[in-house]
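Commentary on secondary and tertiary structure
The chain contents come next:
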Amino acid sequence: MDVSGCGGSKMKRRILLQGTTALMVLSALPAFAQDDIRAVAREAYIYTYPMVKNYLTMYQYALDPGGSQYKGPLNTLVSIARVYTPEDTAIITPNSDTPYSFIVFDLRAEPVVVTMPPIEKDRYYSLQLIDLYTNNVDYPGTRVDGNGGGDFLITGPGWKGDVPKGIKRVIEMPTTLALGIIRTQLFSPDDLEKVKQIQARYKAAVLSAYAGAPAPAAPPSIDWLLISDELMVTDYWSIAAFLLQFAPPYSGDEAQRENLAKLGIRDRGVWPGTDLSPETVALMKEVAVATEKEIRDEAARLTDSSKIFGTPEFMKGRFMVRAAAAQGGIYGNSVQEALYVIYAFDAQKAPLDGKTGRYKLTFTPRTLPPVDAFWSLTMYDRQNQFLVDNPIDRYLINSPMLAGLKKSNKGEIVLYLQRESPGAELESNWLPAPSEIFYVVMRLYLPRAEALDGRWAPPPIEALS
């Protein structure tokens, strides 16, 4: 989530399953009973869900030129010189703090060099490198490398070529399909022109073009599989099988890959194969629907991001956590980069409801989020997980806005989260809510130690009478 982030768009949930599964059995694999199929398919779905969800965004961004969310071709860096609005629906729980730049990597033939320009010391920027499994592999930028910029060589798994002069770091991605998301801090609306100038200096080039060398042989042609919200329901297992060719298994994934093979889901294989009966195919589709709901329910219980996004090593074996994070807010940052606090309930444990409730969030000088970069509070509707359209086009309140917020005599800042304006005097502190169930996300970029070790606690959201 971007909970920066920067998920694919919301899936449509209402489907009708016909027929009975009471007598479903495997025809070609008789050792499996119906309960065995359910258990194995559930585990396989949880394991592959982040990949499929990730591919949905990749497809929209780089493989569907006629689509509304298209950014540009593979291995091409494209910047969006604005913050996200409710019109942006390819990623759930997006941030609206940082204009984005995107690149979808196809690293099968050769690496790609991404250039980060030098920028001023007080502005945050980062290149989040995400593998197909949705793990955060590395972070060129402010926290890791400082603001001096550089050329970063992004390779596929096991690449052994020559590194040209001028490369600051070599970063090996564990998968041949990967995603890069650059976030550039925006201080205020008046700062957008400066951000555009920075974005114009982000560059990406395949290694042969960067080094002025002959290009390697082209990789095998791929008939990129169509994906959409609806196809994630009807064709889920076919898409999962297609993606295995781009995602070598991590050490520790052996049991999960065995589960996939038992279900006829194999690298470069077509699903369903002839070894599966129609009844088993139908049962697997039923399990996919049920398990997606299980993942969605797990995601709804998330309250912060400190343990749900991270490196491949950090996420090793945590398949349900990774799936829930992909559903709840795909492309969330590792906690060292950004900490997310998710508010779905008020202090009395009641769901936040803009139709019937009005709320406040109070910051004292001691409870302001402790960060080395910046913090923000962003509003989302619960059903769609997108930004909320409102009459003043305000989707967040963040630390660069502090000087313009109304303070009490004690120095307290009270933010009002409600559907209607709290009045002209307090409107500077108003974060508009929808007339339905909602949630808000507090993002702390470059959180300080006290935010990570529990010495700082986020203040509660309280209902107004």
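Rules of the game
Sequence order as written defines residue numbering, which begins from 1 separately in each chain. This being a predicted model, a pLDDT of at least 70 is required before a residue's local features are given, and a value of 80 or more before pairs of side-chain atoms are given or counted; all residues contribute to the totals for chains, interfaces and linings. Only hydrogens and water are set aside when side-chain values are computed; all heavy atoms of the structure are taken into account. The helix count covers DSSP runs of H or I at least four residues long, the strand count covers runs of E at least two residues long, and both are numbered beginning at the N terminus. Here the radius of gyration uses the C-alpha set of atoms, whereas the globule reference equals 2.2 Å times the residue count to the power 0.38. For every residue, the accessible area (1.4 Å probe, protein chains only) is compared with the maximum for its type, and the residue is labelled buried under 20%, exposed over 50%, or partly exposed between those bounds. By the counting rule applied here, Lys and Arg register as positive and Asp and Glu as negative, while His and the ends of each chain are not counted. Whenever a carboxyl oxygen of Asp or Glu lies within 4 Å of a side-chain nitrogen of Lys or Arg, that contact is scored as a salt bridge. Two residues form a contact once any of their heavy atoms are found within 4.5 Å. Being paired, for any two strands, means DSSP has found at least two bridges between them. A fitted line through C-alpha atoms serves as each axis, taken over the contacting stretch for helices, and the angle formed by two N-to-C directions is quoted from 0 to 180°. Definitions used for this entry: grid spacing 1 Å over protein atoms alone; cavity, a set of points where a 1.4 Å probe fits but cannot get out; pocket, an open set with protein on both sides within 12 Å along at least 5 of 7 lines; lining residue, one with an atom within 4 Å of a point. Grid points are joined across faces, edges and corners, and a volume is the space filled by probe spheres set on the points. By the convention adopted, Pro, Cys, Tyr, Trp, Phe, Met, Ile, Leu, Val and Ala count as nonpolar, Lys, Arg, Asp and Glu as charged, and the other residues, Gly among them, as polar. For classification, angles of less than 35 degrees are called roughly parallel, those exceeding 145 degrees roughly antiparallel, those between 65 and 115 degrees roughly perpendicular, and all remaining angles oblique. Crossings are sorted by hand: turned counterclockwise from the far helix by less than a right angle, the near helix makes the crossing left-handed, and turned clockwise it makes it right-handed. To qualify as a nonpolar core, a set must consist of buried Ala, Val, Leu, Ile, Met, Phe, Trp, Tyr and Cys residues joined through side-chain atoms within 4.5 Å. Any two of the Phe, Tyr and Trp rings considered here, Trp counted by its six-membered ring, make a pair once their centres fall within 6.5 Å; the pair's planes then place it as stacked at under 30 degrees, edge-to-face at over 60, or tilted in between. In the analysis that follows, any N or O atom pair within 3.5 Å is treated as a polar contact, provided that within protein one partner can donate a hydrogen and the other can accept it, and provided that, for residues neighboring in sequence, both atoms belong to side chains.

Let's shift gears to the overall build of the chain. Scanning the chain from terminus to terminus reveals eleven helices and 17 strands. For 465 residues, the compact-globule estimate of 2.2 N^0.38 gives 23 Å, and the chain sits close to it at 23 Å. In terms of its C-alpha atoms, the chain occupies a principal-axis envelope of roughly 75 × 60 × 40 Å. Within the span of the chain, comprising 465 residues, buried residues form 55% of the whole.

Tracing the sequence through the fold places D346 in the loop between β10 (338-343) and β11 (359-363). Buried charge D346 goes without a salt bridge, the closest partner of opposite sign being K349 at 8.0 Å. Apart from residues no more than four positions distant in its own chain, D346 is found in contact with L352, Y359, I461 and A463.

Let us now look at the sheet that holds strand β7 (residues 167-172). Paired through backbone hydrogen bonds, the strands of a sheet run either parallel or antiparallel to each other. The strand order across the open sheet built from four strands is β7-β6-β3-β9, with neighbouring strands paired in mixed fashion. Each having just a single partner strand, β7 and β9 (203-206) make up the two edges of the open sheet. Adjacent strand axes in the sheet meet at a mean angle of 25° when their direction is disregarded. The sheet contact formed by strand β3 (residues 112-116) and β9 spans four bridges and is antiparallel. By the bridge assignment for β9, V112 is matched with V206.

For β10, a buried count of six out of six residues is recorded, marking the element as mostly surrounded by other parts of the structure. Here β10 shows two buried faces, one formed by A338, Y340 and I342 and the other by L339, V341 and Y343.

A water-sized probe, rolled over the atoms, reveals where empty space remains. In this model, the largest pocket occupies a volume close to 470 Å³. Lining the largest pocket we find 19 residues, and of these L186, P189, L396, N398 and M401 sit closest to its centre. Taken together, 16 residues line the second largest pocket, and the ones lying closest to its centre are T303, I342, Y343, F345 and K349. The element best represented in the lining of the second largest pocket is β10, accounting for three residues. Of the residues contributing to the lining of the second largest pocket, the split by class is twelve nonpolar, one polar and three charged.

For any two helices packed against each other, one specifies the crossing angle of their axes together with the interaxial distance. Two numbers describe how helix α1 (residues 34-63) lies on helix α7 (residues 254-262): the axes approach to 9 Å, and their chain directions differ by 120°. The angle between the axes of α1 and α7 places the two elements in the oblique class. As α1 runs across α7, the sense of the crossing is left-handed. For the pair α1 and α7, the contacting residues are V40, E43, A44, Y47 and T48 in the first and Q256, R257, N259 and L260 in the second. When grouped by side-chain class, the residues that make up the contact of α1 with α7 number four nonpolar, three polar and two charged.

With 81 residues, the main nonpolar core has W237, L243, I265 and M284 as its most contacted residues. Top element by residues in this core is α1. It accounts for 17 residues. Counting residues in each nonpolar core, the second largest holds 27 residues, with Y343, M379, L431 and A433 among its members.

Turning our attention to the packing of aromatic side chains. With the rule as written, the count across this model stands at 23 aromatic pairs. For the pair Y61 and F102, a centre-to-centre distance of 4.7 Å together with 65° between the ring planes defines the contact as edge-to-face. In this pair, Y61 sits in helix α1 while F102 sits in strand β2 (residues 100-106), placing the two residues 41 residues apart along the sequence. Side by side, Y61 and F102 carry an identical accessibility label, which is buried. Ring pairs connect the aromatic residues Y55, Y59, W224, F242 and F246, which therefore count as one cluster.

The subject of this paragraph is the environment of S96. Positionally, S96 belongs in the loop between β1 (78-79) and β2. Overall, S96 belongs to the buried group, its relative accessible area being 7%. Between the alpha carbons of S96 and P365 there is a distance of 24 Å; along the sequence they are 269 residues apart. If we ignore the near neighbours within four places in the chain, the residues touching S96 are V83, Y84, L387, Y395 and L396. Within the structure, S96 has its side chain in polar contact with the backbone oxygen of Y84 (distance 2.8 Å).

Now for the pattern of salt bridges. Per the counting criterion, the structure on display carries 18 salt bridges. E286 is paired through a salt bridge with R38; the nearest N and O atoms lie 3.2 Å apart. Residue E286 is located in helix α8 (residues 278-300), and its partner R38 is located in helix α1; the two are separated by 248 residues in the primary sequence. Taking relative accessible area as the criterion, E286 reaches 22% and is therefore assigned partly exposed. The partly exposed category is assigned to R38, whose relative accessible area is 26%. Put simply, R108 and D106 hold a salt bridge, and the shortest N to O gap is 2.9 Å.

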